[in-house]
Structures are given as structure tokens and as C-alpha cells.
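# Results of the structural survey
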Amino acid sequence: MLDVRDLHTRYGRVEALSGVSVAVPEGHIVSVIGANGAGKTTLMNSVMGVLPAQGDVVYAGESLRGVSLEGRVARGISLVPERRELFASMSVADNLTLGAYTRRRSAWRADLDEVYTRFPRLLERRAQLAGTLSGGEQQMLAIGRALMARPRLLLLDEPSLGLAPLIVRDILQIVRGLREGGVTVLLVEQNARASLAISDEAYVLETGQVKMSGPAGELARNPELTASYLGG
Ligand code: ATP
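Residues numbered from 1 in each chain as written. Predicted model: local features only at pLDDT ≥ 70, side-chain atom pairs only at ≥ 80, totals over all residues. Heavy atoms only, no water.

Under the annotation held in an unreviewed UniProt entry, the protein chain carries the name ABC transporter ATP-binding protein and is attributed to Deinococcus navajonensis.

## A closer look at the site of the ligand
Rules: Proximity criterion: a residue is near a molecule or strand once any of its heavy atoms comes within 4 Å of it. Two N or O atoms form a polar contact when they lie within 3.5 Å of each other; inside protein one atom must be a possible hydrogen donor and the other a possible acceptor, and for residues adjacent in sequence the pair counts only when both atoms belong to side chains. Computed with a 1.4 Å probe, the accessible areas rest on the Shrake-Rupley method; for each residue, only the protein chains presented here act as cover. Counting from the N terminus, the helices are DSSP H or I runs at least four residues long and the strands are E runs at least two residues long.
Inspection of the region around the ligand gives 13 residues, with Asn36, Gly37, Lys40, Thr41 and Thr42 positioned closest. Tyr11 places a side-chain nitrogen or oxygen 3.5 Å from a nitrogen atom of the ligand. Lys40 places a polar side-chain atom, nitrogen or oxygen, 2.8 Å from an oxygen atom of the ligand. Protein burial of the ligand: of its 630 Å² of free accessible surface, 59% is covered by the chains. For the shell around the ligand, the element with the most residues is helix H1 (residues 40–48), which contributes three residues.

## Description of the nonpolar core
Heads up, the rule is: Nonpolar cores were defined as sets of buried Ala, Val, Leu, Ile, Met, Phe, Trp, Tyr and Cys residues, with membership established by side-chain atoms within 4.5 Å. In this scheme, a residue with accessible area under 20% of its type's maximum is buried, one over 50% is exposed, and one in between is partly exposed, where area comes from a 1.4 Å probe on protein chains only. Only heavy atoms enter the contact rule, under which two residues are in contact if any of them lie within 4.5 Å.
Formed by 34 residues in total, the largest nonpolar core has its most connected members in Leu96, Phe119, Leu122, Leu141, Ile143, Leu154 and Leu156. Mapped onto this core, the elements with two or more residues apiece are helix H3 (92–98), helix H4 (105–118), helix H6 (135–147), strand S7 (153–157), helix H7 (165–180) and strand S8 (184–188). Not counting residues up to four positions away in its chain, the partners in contact with Leu96 are Leu112, Val115, Tyr116, Leu141, Gly144, Arg145 and Met148. Listed in part, the 28 residues of the second largest apolar core include Met1, Leu7, Tyr203 and Leu205.

Below is the structure:
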């Protein structure tokens, strides 16, 4: 579904991605793990078209070269950014509706119900201001808002950032549920072991390059990876 080919992304003179290739088959969860500063967020933003990059991003068989961020959203790609970027002083319901800003009300009404079915907590708190939600609830809202664009490919940047271990498990179960609902997921996670457990394939990024890749189950047993990323 997504084929990232030889991607190079720079911030001025600094090259943050140096020839990264990543394949995300339809219906899979593919995780990208790596230390701080490895280039994971840069990869997500390059795929989304937030950052200009060299190389090719092929989505559903079509090159996204020259396609704007809005064009990518319209084609079915949605990003849940690392900082969640919710509208803190707006209600849960309004944050969700904003996720569908490119679509007609008649088209997204049913999706709103679906998000509330998936996240009953958001339904309970639909009138609450987003800024007053707990960390886990905010992450649910960020994912719910992305789902309002009806994505086929969801880019999730560190969904478990700052969350307690039990909530991390809930969030990753939610991600697994998305795949069951037919959404393809590219997942960036620091929590390597937990993300490998729900992923089909994984890539290890190190200073802007793919250091290792393969089926998630194999990587989880790889001694080199175990020592560096999986806590021994
Ligand atoms: P983390 O896990 O800490 O979020 P990451 O793997 O997502 O890290 P990136 O945020 O993609 O890493 O950063 C990759 C490299 O690019 C880092 O060396 C970082 O300092 C650099 N970088 C990121 N954003 C910018 C920017 N706006 N300007 C200059 N350099 C940047």
C-alpha cells in the first residue's frame, strides 16, 4: 500500500534521512523503532508531505511526488502527530468534527458514531474540553480525529508517548483493532517490545538509515536488537 523508496530529508545542511526505504503492505501494521533523533518523526512527516523530501513515496500504486498535504489526506492518508496537536480549548466533539473538515456532514455523521462506538470514553466526555482530558484520553481523541478523515493508511507517531504502561497497552490494542477494521498502519514507537508484539513487520532506524528490518516476530528475537532496544 505504501512504498517509500530511497528517501532523503534534510533540515538545512543536516541530512536527517539518508536513503530510507520502507514497505507497508495493505492491511499490515509496520512499526519503526529507533533511538531519539534516529529520524522516525522525519519519516512520518516526509510521507505525509509536511516536509519536502527527495526520493519517492508510492501510495496505492501512485507516486505522491508533487501531491500536497491536503491531496494526501484526500487520498486516504492520515497522520496522528507526536504532540497530538489537539485544540485544547475546544470540546471533544468539536475536535472530532474538525478531523472531517474536508468532508460533508452527511458523509461523516456515521463515522462520528463509529468513533464513539470505538471509544466510549470519548462519547461520555464529548462536551469536555480536550485540554482537560487525561493523556490516554487525549491520545484516543487524536486517533479518533484522524479516523474522521476515513484513512486507509494511518501514520501514528509515538501514540504511547508519556502514557503509563497500562494505558500504553490499551492504546496498542486500539491500534490492533484498527487493522482489523481494514486500516493499514505505519507506527512509530519507542516502546519497541510492545509495538513489535502487535506488528507484522518492523524497521529499525539508526541515524537516518534502516539498520535492520524484517518480520516483527523475528526482530523481537534478534539478539542485537534485544541488547540495544528491548532492554536485554
Ligand atoms: P524522537 O524519538 O526523539 O522523536 P526521531 O527519531 O523522531 O526522534 P526526528 O525528530 O525525526 O527523530 O529527528 C531526526 C534528526 O533531525 C535529529 O537529529 C533532529 O535533531 C533533526 N531535526 C528534527 N527536526 C529538525 C528541525 N526542524 N530542524 C533541524 N533539525 C531537525
